[in-house]
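One letter stands for each residue in the lines below.
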Amino acid sequence: MSDLLNGKTALILGVANRWSLAFAIAQAFRRENAELVLTYQGERQRQTVEELSAELGATILPCDVTVDAEIGGLMEELRRAGRRLDAVVHSIAFANREDLNRPFSETSRAGFLMAHEVSAYSLVAVARAAAPLMTAGGSILTLSYLGAIRVIPNYNVMGVAKAALEASVRYLASDLGPSNIRVNAISAGPVKTTSARGIRDFSSILDEVARRAPLRRNTEPAEVADTAVFLASDLARGVTGNVLYVDAGFQIMGM
Ligand code: NAP
């Protein structure tokens, strides 16, 4: 253990299970001595997140990011407990499976709005609610993917939502910079998680990356997590509004 996040409290949204990128981030933050608060969406996930948080000595609180009252309740709970926040990790996305299984042009209005609400607008809502608790400044971090800027087969509406997410990172960074709150995204290479399994033919994306990425391999969750540590730490005090690629270099390749 070292001390890159010693004395800092991090709120991490998006731990569903042991394979979640948010769990790898929580482990790395703990290693660096951060205090952790994890959230879970609804009773279905509660027991799993409770078990994982026990390993990390983390507090857990409920938060469905589509419900403003739950985001408000989460922040109110932290405020009442006298918790200052130094870092917020938003590791949340959702799209209807059928919208990932048919041509993008057939995306329904409801499916488009749902993907954007959960995967992009939620960052805005969470940042707005968390900012008053970030009284010493801090770092807000979200997770994006290459599908925001390139067409990735079957990523469809999620790619368009990630484009909105990355643009939101820039506007939030501009709004919150005067309060010394930095806002960044990590664009992670593909990793087998529950969400990723919803993308048809995901294993062929993994194969393509291993074949073509400069490092000739896929991305490890721990690599994403160590970059998250950097962005949450004072080492990144001059970095805001950025999308940082942790993808074995895949995004630079043309042919
Ligand atoms: P994951 O473990 O399935 O995490 C997704 C999380 O989003 C889950 O905890 C899920 O909770 C949560 N979520 C969905 N709707 C929510 C809501 N309304 N309120 C609160 N939480 C909600 O998958 P992951 O791959 O680690 O995904 C984390 C982030 O990384 C996502 O933004 C994803 O797009 C991004 N990312 C993933 C990859 C990859 O290849 N895996 C690559 C680049 C970026 P429930 O399980 O309770 O629904």
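Everything here concerns the structure above.
Each residue is numbered by its place in its chain's sequence as written, counting from 1. In keeping with the model being predicted, local features are shown solely for residues with a pLDDT of at least 70 and side-chain atom pairs are shown and tallied solely at 80 or more, while totals for entire chains, interfaces and linings include all residues. To obtain the side-chain values, all non-hydrogen atoms of the structure were included, while hydrogens and water were left out.

## Overview of the pairing of strand β3 (residues 59-62)
Here's step 1: If DSSP finds at least two bridges between two strands, the strands pair. Think of it this way: any DSSP run of H or I at least four residues long counts as a helix, any run of E at least two long counts as a strand, and we number them from the N terminus. Relative to β3, strand β2 (residues 35-40) is paired through four bridges, and the arrangement is parallel. In the sheet register, Tyr40 faces β3, and the bridge partner there is Pro62.
Here's step 2: Note on handedness: a crossover is taken as right-handed if, strands pointing away from the viewer, the path from the first strand over the helix to the second is clockwise. Of the crossover connections in this fold, the one passing from β2 over helix α2 (residues 43-56) to the parallel β3 is right-handed.

## Focus: a nonpolar patch on the surface
Here's step 1: Patches were defined on residues exceeding 30% relative accessible area and lacking a salt bridge, with like-charge contacts within 9 Å and nonpolar side-chain contacts (Val, Leu, Ile, Met, Phe, Trp, Tyr) within 5 Å. Per-residue and other accessible areas were derived by the Shrake-Rupley procedure at a 1.4 Å probe size, with only the shown protein chains allowed to occlude residues. Criterion for a salt bridge: a side-chain nitrogen of Lys or Arg within 4 Å of a carboxyl oxygen of Asp or Glu. Residues Leu4, Phe230, Leu235 and Leu244 make up a contiguous nonpolar surface patch of roughly 320 Å² in combined accessible area.
Here's step 2: Within the secondary structure layout, Leu4 lies in the segment before β1 (9-13).
Here's step 3: With a 1.4 Å probe rolled over the protein chains alone, any residue whose accessible area is under 20% of its type maximum counts as buried; one over 50% counts as exposed, and the rest are partly exposed. Residue Leu4 is classed as partly exposed on the basis of its relative accessible area of 40%.

## Topic: helix α6 (residues 202-212)
Here's step 1: The set of residues buried in α6 consists of Phe202, Ile205, Leu206 and Val209. Viewed along the axis of α6, the buried residues span an arc of 100°, placing them on a single side of the element. Turned more than 90 degrees from where α6 packs its buried face, Asp207 and Arg211 sit exposed. The arc in question is the one spanned by the directions pointing from the helix axis to the C-beta atoms.

## A short note on the packing of helix α4 (residues 109-130) against helix α5 (residues 156-176)
Here's step 1: Put simply, α4 and α5 touch, their axes get as near as 9 Å, and they point 20° apart. On the basis of the axis angle, α4 is roughly parallel to α5. In this structure, α4 meets α5 at a crossing whose hand is right-handed. Between α4, through Gly111, Phe112, Ala115, His116, Ser119, Ala120, Leu123, Val124 and Ala127, and α5, the contact on the second element is made entirely by Val157, Met158, Val160, Ala161, Ala164, Leu165, Ser168, Val169, Leu172 and Leu176.
Here's step 2: Each residue is assigned to one of three groups, with Ala, Val, Leu, Ile, Met, Phe, Trp, Tyr, Cys and Pro labelled nonpolar, Asp, Glu, Lys and Arg labelled charged, and all others, Gly among them, labelled polar. When grouped by side-chain class, the residues that make up the contact of α4 with α5 number 15 nonpolar, four polar and no charged. For helices, the fitted line uses only the C-alpha atoms of the stretch in contact; every axis is such a line through C-alpha atoms, and the angle between N-to-C directions lies from 0 to 180 degrees. Roughly parallel refers to an angle under 35 degrees, roughly antiparallel to one over 145, roughly perpendicular to one between 65 and 115, and oblique to any angle outside these ranges. Helix crossings fall into two classes, left-handed where the near helix is turned counterclockwise from the far one by less than a right angle and right-handed where it is turned clockwise. Here, residues are in contact when the closest pair of their heavy atoms is within 4.5 Å.

## Some details on the site of the ligand
Here's step 1: Neighbouring residues of the ligand: 29 residues in total, closest Ser20, Lys162, Val191, Thr193 and Ser195.
Here's step 2: For this analysis, a polar contact is any N or O atom pair within 3.5 Å, provided that within protein one partner can donate a hydrogen and the other can accept it, and provided that sequence-adjacent residues contribute only side-chain to side-chain pairs. Separating an oxygen atom of the ligand from a side-chain N or O atom of Lys162 is a distance of 2.8 Å.
Here's step 3: For the ligand, the accessible surface in isolation is 880 Å², of which the surrounding protein chains cover 91%.
Here's step 4: Of all elements in the fold, only α2 and β5 (138-144) reach the threshold of two or more residues within the shell around the ligand.
Here's step 5: In the shell around the ligand, the residues fall into 15 nonpolar, eleven polar and three charged. Proximity is defined per residue: if any heavy atom of the residue lies within 4 Å of a molecule or strand, that residue is considered near it.

## Regarding the packing of aromatic side chains
Here's step 1: Note on aromatic pairs: the rings of Phe, Tyr and Trp (six-membered ring only in Trp) are paired at centre separations within 6.5 Å, and the planes decide the class, stacked below 30 degrees, edge-to-face beyond 60, tilted for the rest. Counted by the stated rule, this structure contains one aromatic pair.
Here's step 2: Taken together, a centroid distance of 4.8 Å and an interplanar angle of 70° make the contact between Tyr145 and Tyr155 edge-to-face. Of this pair, Tyr145 sits in the loop between β5 and α5 while Tyr155 sits in the loop between β5 and α5, and the two are ten residues apart along the sequence. As far as burial versus exposure is concerned, Tyr145 and Tyr155 are alike and both buried.

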